[in-house]
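Residues per chain, in single letters:
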Amino acid sequence: TLWREGVEAVIAIGGGSVIDAAKVASVIASGGGGFKDVFRGRRPRNMMPLIAINLTHGTGTEIDRYAVLTTDDTREKHGLDIRYPTISVDDPIYTISLPKDHTIYTSLDAFYHAYEAATSNYRNIFVETLSREAIFIIRENLPVLLKDLSDVERRAMLLYASMIAGIAIDQSSTHLNHAIEHVLSGLEPRLPHGLGLALTGPRVVYYTHKVRPIESARILRTLDPNIKPLEDDAEKAMRTVKEFQESLGVTQRLEDYGFSEDDFKKIYSYLTERLRYLYEDSTPFQISEDIIRDIISYAL
Ligand SMILES: [Fe+2]
């Protein structure tokens, strides 16, 4: 009912979910209709201003045109190409109170934005430059920040990394890892987005490195300079990402969130029947049931 109240602008203060919800609200408030209309692509010609005050360093939504929303009835988590904020504020002082676990998860979200954008079918040299820089900054600053969460200089660097990784996905896109994560946290909302990405991520890196060894190695060399731009180093690329996550304290598994082998059919059909648009054109390798099963088993 926002538009009936004479609202002239929407101000979002929060992390990704809040800003994404505000994006949708501002579109509905500007042009009427409901979420289903927005999902089908309805966009008013004149959008009311949207001001985003970003409180995390992972989402990238303050700088990109996407929103991710879960529909209550079907628990489907969808990614929409919707709008840019009119004004965004990235001030590290607002991220100081982010607890340790979410400091890690949001930073890993930015990490996978960078990795997937640089290896997706929509990649380009600009995206790769941003992605490499983002991963370098995360690698340099996140472990130090975890020793003192009030280190505003490190927060500023991570916020910058998250922002440029946001530009990278806006120019390119995420691919399979994000699509699988949407399924997992759609089914289990307690699973934080960044953690969900980290559970399956190293195995997606393995398949990605096999087909995009040059791009993959170029950005992962910021973690380990010995990774070679060769298909044969896919295993090493996977291990490097896994070990980086473990060094941050990320050791959880999908089982910790109640998933088991029995859920595979549900995950696979959800992914391939409803969320195909999130990975089909962007993923650099051919998806098969075996590959998805392997990725899920890896994360369990
Ligand atoms: Fe993300």
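Calculation rules
Residues numbered from 1 in each chain as written. Predicted model: local features only at pLDDT ≥ 70, side-chain atom pairs only at ≥ 80, totals over all residues. Heavy atoms only, no water. Donors = N, O, S within 2.8 Å, 3.2 Å for Na, K, Ca; no water. Tetrahedral: all angles 85-135°; square planar, octahedral: opposite > 155°, others 65-115°. 1 Å grid on protein atoms, 1.4 Å probe; cavity = no way out; pocket = protein on both sides within 12 Å on 5 of 7 lines; lining within 4 Å. Points joined across faces, edges and corners; volume = space filled by probe spheres on them. Helix = DSSP H or I, 4+ residues; strand = E, 2+ residues; numbered from the N terminus. Nonpolar A, V, L, I, M, F, W, Y, C, P; charged D, E, K, R; others polar. Core = buried A, V, L, I, M, F, W, Y, C linked by side-chain atoms within 4.5 Å. Buried < 20%, exposed > 50% of the residue type's maximum accessible area, 1.4 Å probe, protein only. Contact = heavy atoms within 4.5 Å. Pairing = 2+ DSSP bridges. Axes fitted to C-alpha atoms, helices over the stretch in contact; angles between N-to-C directions. Domains from an automatic or database assignment. Buried area = accessible area lost by both parts, 1.4 Å probe. Salt bridge = Lys/Arg side-chain N within 4 Å of Asp/Glu carboxyl O. Polar contact = N/O pair within 3.5 Å; in protein donor to acceptor, adjacent residues only side chain to side chain.

Would you mind going over the coordination of the iron ion with me for this structure?
For a metal bound by four donors in tetrahedral geometry, the ideal donor-metal-donor angle is 109.5 degrees, whereas six donors in octahedral geometry ideally sit at 90 or 180 degrees. At the metal site, the iron ion is ligated by Asp109 (OD), His113 (NE2), His178 (NE2) and His193 (NE2), and these contacts range over 2.1 to 2.2 Å. For the iron ion, the four donor atoms in the first shell make angles of 82 to 169 degrees at the metal, a pattern classed as irregular.

When you look at empty space enclosed by the protein in this model, what are you seeing that I'm missing?
By rolling a water-sized probe across the atoms, one finds the places where empty space is left. For the structure shown, the criterion picks out one cavity of 30 Å³ or more. Approximately 70 Å³ is the volume found for the largest cavity. Where the lining of the largest cavity is concerned, the elements lending two or more residues are helix 7 (193-211), helix 9 (234-247) and helix 11 (289-299). When grouped by side-chain class, the residues that make up the lining of the largest cavity number five nonpolar, three polar and three charged.

In this structure, what is going on with the nonpolar core? I would like to understand it.
In terms of nonpolar packing, the biggest core is built from 71 residues, with Phe111, Leu176, Leu220, Leu254 and Ile292 touching the most fellow members. In terms of residue count, helix 3 (residues 100-119) provides more of this core than any other element does, ten residues in total. The contact partners of Leu176, leaving out residues within four places of it in the chain, are Glu116, Val204, Leu271, Tyr279, Thr283, Phe285, Ile287, Ile292 and Ile295.

What's the story with the sheet that holds strand 2 (residues 50-54) in this structure? I'm lost.
Across a sheet, paired strands are connected by hydrogen bonds in the backbone, their directions being either parallel or antiparallel. Strands sit in the order 1-2-5 across an open sheet of three strands; the sheet is parallel. Here the strands that pair on one side only, and so sit at the sheet edges, are strand 1 (10-14) and strand 5 (87-89). On average, each strand axis in the sheet is tilted by 10 degrees relative to the strand beside it, whichever way the strands run. Relative to strand 2, strand 1 is paired through five bridges, and the arrangement is parallel. Bridging across to strand 2, Ile13 finds its partner in Ile53. Across the sheet, helix 1 (residues 16-31) touches strand 1 and strand 2, and the angle it forms with strand 1 is around 165 degrees.

Would you take a moment to explain the environment of Ser107 for this structure?
Its place among the elements puts Ser107 in helix 3. Ignoring sequence-local partners within four residues, the contact set of Ser107 consists of His57, Ile138, Leu142 and Leu158.

Help me understand the domain arrangement of the chain in this model?
Domain parsing of the chain yields domain 1 (2-90) and domain 2 (95-299). Each of domain 1 and domain 2 was reduced to a C-alpha centroid, and the two centroids are 24 Å apart. Summing the contributions of domain 1 and of domain 2, the shared interface buries around 2000 Å²; its carbon and sulfur component is 54%. The largest contributions to the domain 1 side of the interface with domain 2 come from His57, Arg75 and Lys77, which together make up 37% of the buried area. Along the contact surface separating domain 1 from domain 2 lie two salt bridges. Among the salt bridges present, the one from Lys77 reaches Glu181, with a minimum N-O distance of 3.8 Å. Linking domain 1 to domain 2 there are eleven residue pairs in polar contact (both at pLDDT 80 or more).

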